[in-house]
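Observations on the three-dimensional arrangement
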Amino acid sequence: MITTYAISLTADDCDDADRIRLVDLVSDWLVDEYPPEERPAGTFVRTREGSDDPVFRVSISVNAPNASHSTATDITVVMNGSSLTFDIRSVTLPMSQRITKMNATSVPPNLVQLVQRVLRAIPVYDANRRVTADTEIIRDALGGQSVGAMLVSAPGRNLPVLIEVRDYERNTSALFAKGAGPLSGLVHSFCLDSAEAVKGFIDITGESLTSPGSIYVYWAGPRDVMTLSMREMPPASRIPEGKHLVQEVLKTAALSLAPPRVPPPPADAYLDDDDEEDTESFEDSNELEVAYESAMRRISELEGAVASADRMIAEQRSQLEQKVQVVDELVLRNVTLETMAGSMASGTIVATMKEALRIAQEKCTCLYFHPRAIESGEELEGPEPIAVLQDLARLNDVARAWMSGDLNRTSFQLACRNVGLDYAPTISDTARQKYEEDYLISLDGRTVRAEAHLRRGRKMHLFRIHIYLDEERQRVVVAYIGKHLRGKRDN
């Protein structure tokens, strides 16, 4: 694994209300950027959260089409006493056997936006100066002296200081005038915008080589500086060279910042009695933490492999959906109807949804059809009835294994995938909070929420089959057949 982006921000004198505010901020960001119903193939999201767990962590694995590497990102919020830490780690996982040149990985804009929101929500200080995503414009000698004092005498500075001296003599614009951009939270950014500001800076630091049209990065620790002179290059090279400087800072941060110490999850929430006996082999909590982090890395690697396979399956499914409708109908008729009932002629054509639902109720004996499913299904227009019947027939095979107790909720999803069903176990938080009534059904005198659903089709041919996994009676309840119910994209 290669770390491509790392940022770690710690705020002191925080309480549980601050922690909850950060957790809510990350949760809202996750819903906006990776809504459960709209995650592309090859994207996995795991969340660690508990009422007795001091750690909140979101793990995102992404395998982009035709990519040689998958990306895994961990976003962590951890409370240690009164210190609150926000940490992001992005790593790439090689997925091929070919040795190819790997281009510099840019920081996703959505991660930069998340960091900027965190910096606005929670005050984070370094060397007695608040860390922000903005570039402070310095125009007088006193401001220049303040920046110089930060280099010379600031106690315990951990972040680099980026100083851009705008070429005020030629009146050219500064590259970082609008903010630190991808370097938000990784540097203190300043722009010296006048000769007075430069003079004040030199008076404190003695840096006589400071000149207009230059960018300086003063690293933390021993005095070391990276310099970029804009005057000595053609205008077309300024932005590429500025991006190269940004990549150098990002790469250095990824190699320098240690991850926060994260305790393993509470044993009661994740282990049974037999597993608790195994933890006695660890002599102290440090060994357990190392074992836990190693297991998390292995999970990320496996998720990357599964993500790659899931993306290829989605690509194959998309190609199949683009086949000629006549070929698709023949495949559905021969495969689905003949396997459902030997008494049915292979040339039978299902013309209406009412006929498809009648056949499904007669032949899919492992499914329990709620009255709402029949009512909504008969009103459905647009998709081919044969497609609905096909999905119900495949779901019936999975339901047979569920009834026998061979499946749990996790393996149920895998079983659906094995028979070619696009299964989603949950709905978005927006749908759950704002439109819960759309997903509720009355079952045996109780009200339940049918979140799990099968997805198929696009535009006029789109439909959803919502189901409820009844663990009390070990049955699969078909709760709704119809168009996409209300969710995140609805007002």
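Conventions and cut-offs
Residues numbered from 1 in each chain as written. Predicted model: local features only at pLDDT ≥ 70, side-chain atom pairs only at ≥ 80, totals over all residues. Heavy atoms only, no water. Helix = DSSP H or I, 4+ residues; strand = E, 2+ residues; numbered from the N terminus. Buried < 20%, exposed > 50% of the residue type's maximum accessible area, 1.4 Å probe, protein only. Contact = heavy atoms within 4.5 Å. Areas by Shrake-Rupley, 256 points an atom, 1.4 Å probe, with all protein chains shown as cover. Core = buried A, V, L, I, M, F, W, Y, C linked by side-chain atoms within 4.5 Å. Axes fitted to C-alpha atoms, helices over the stretch in contact; angles between N-to-C directions. Parallel < 35°, antiparallel > 145°, perpendicular 65-115°, else oblique. Left-handed = near helix turned anticlockwise from the far one by under 90°. Nonpolar A, V, L, I, M, F, W, Y, C, P; charged D, E, K, R; others polar. Expected span 1.5 Å × (residues − 1). Pairing = 2+ DSSP bridges. pLDDT = per-residue confidence, 0-100.

Here the focus is the overall build of the protein chain. Helix and strand counts for the protein chain stand at 14 helices and 19 strands. Counting the 491 residues in the protein chain, one finds 44% classified as buried. Taking the contacts inside the protein chain whose residues are at least 6 apart along the sequence as the reference set, 68% of them involve residues at least 24 apart. For the protein chain, the accessible area works out to roughly 25600 Å², and carbon and sulfur atoms hold 49% of it.

Bringing the nonpolar core into the picture now. Core analysis: the biggest nonpolar cluster contains 51 residues, and Tyr5, Ile75, Phe86, Ile88, Leu114, Leu183 and Leu245 have the highest contact counts within it. Sequence-distant contacts of Ile88, defined by excluding residues within four places in its chain, comprise Tyr5, Ala6, Ile7, Thr73, Asp74, Ile75, Leu111, Leu114 and Val115. Ranked by size, the runner-up nonpolar core spans 37 residues in total, among them Ala356, Cys364, Leu421 and Leu454.

We now examine the packing of helix α10 (residues 353-363) against helix α11 (residues 371-378). Here α10 crosses α11 at 150°, and the two axes come no closer than 8 Å. Between α10 and α11, the angle falls in the class roughly antiparallel. As α10 packs across α11, the resulting crossing turns out to be right-handed. Across the interface between the two elements, Met353, Lys354, Leu357 and Gln361 of α10 pack against Ile374, Gly377 and Glu378 of α11. For the contact of α10 with α11, the per-class residue count stands at three nonpolar, two polar and two charged.

Here helix α1 (residues 16-33) spans 26 Å end to end across 18 residues, near enough to the 26 Å set by a 1.5 Å rise per residue. When α1 is considered as a whole, its buried residues turn out to be Asp18, Arg19, Leu22, Val23, Leu25, Val26, Trp29, Leu30 and Val31. Looking at the buried residues of α1, the elements they touch are β2 (43-48), β3 (55-62), β4 (69-80), β5 (83-94), α2 (109-121) and α14 (429-434).

This part takes up the sheet that holds β3. The antiparallel open sheet is built from five strands, whose spatial order is β1-β5-β4-β3-β2. For this open sheet the edge positions go to β1 (2-11) and β2, each flanked by a neighbour on one side alone. Each strand axis lies, on average, 10° off the axis of its neighbour in the sheet, ignoring direction. Taken together, the six bridges between β2 and β3 define a ladder with antiparallel strand orientation. Within β3, the position partnered with Arg48 by the bridge is Arg57. Lying over the sheet, α1 contacts β2, β3, β4 and β5, oriented at roughly 160° with respect to β4.

Mapped onto the secondary structure, Tyr216 falls in strand β11 (residues 214-218). The spatial distance from the C-alpha of Tyr216 to the C-alpha of Leu228 is 6.5 Å, given a sequence separation of twelve residues.

Before going further, it helps to spend a moment on the sheet that holds strand β18 (residues 463-470). One open sheet holds the five strands; their spatial order is β13-β19-β18-β17-β14, and the pairing between them is mixed. Looking along the sheet, the strands with just one partner apiece sit at the ends: β13 (367-369) and β14 (422-424). Averaged over all pairs of adjacent strands, the angle between strand axes in this sheet comes to 35°, irrespective of strand direction. In the sheet, β18 pairs with strand β19 (residues 475-482) via seven bridges, with the strands oriented antiparallel.

Now for the confidence of the model for the protein chain. Low-pLDDT stretches of the model should not have their predicted coordinates read in fine detail. Per-residue confidence for the protein chain gives a mean pLDDT of 82, with 80% of residues at or over 70. Note that pLDDT drops below 50 for residues 269-282; the model gives that stretch nine contacts with residues more than four away or on any other chain. Within the model, the stretch residues 339-347 combines pLDDT values under 50 with 13 contacts to residues more than four positions away or in other chains.

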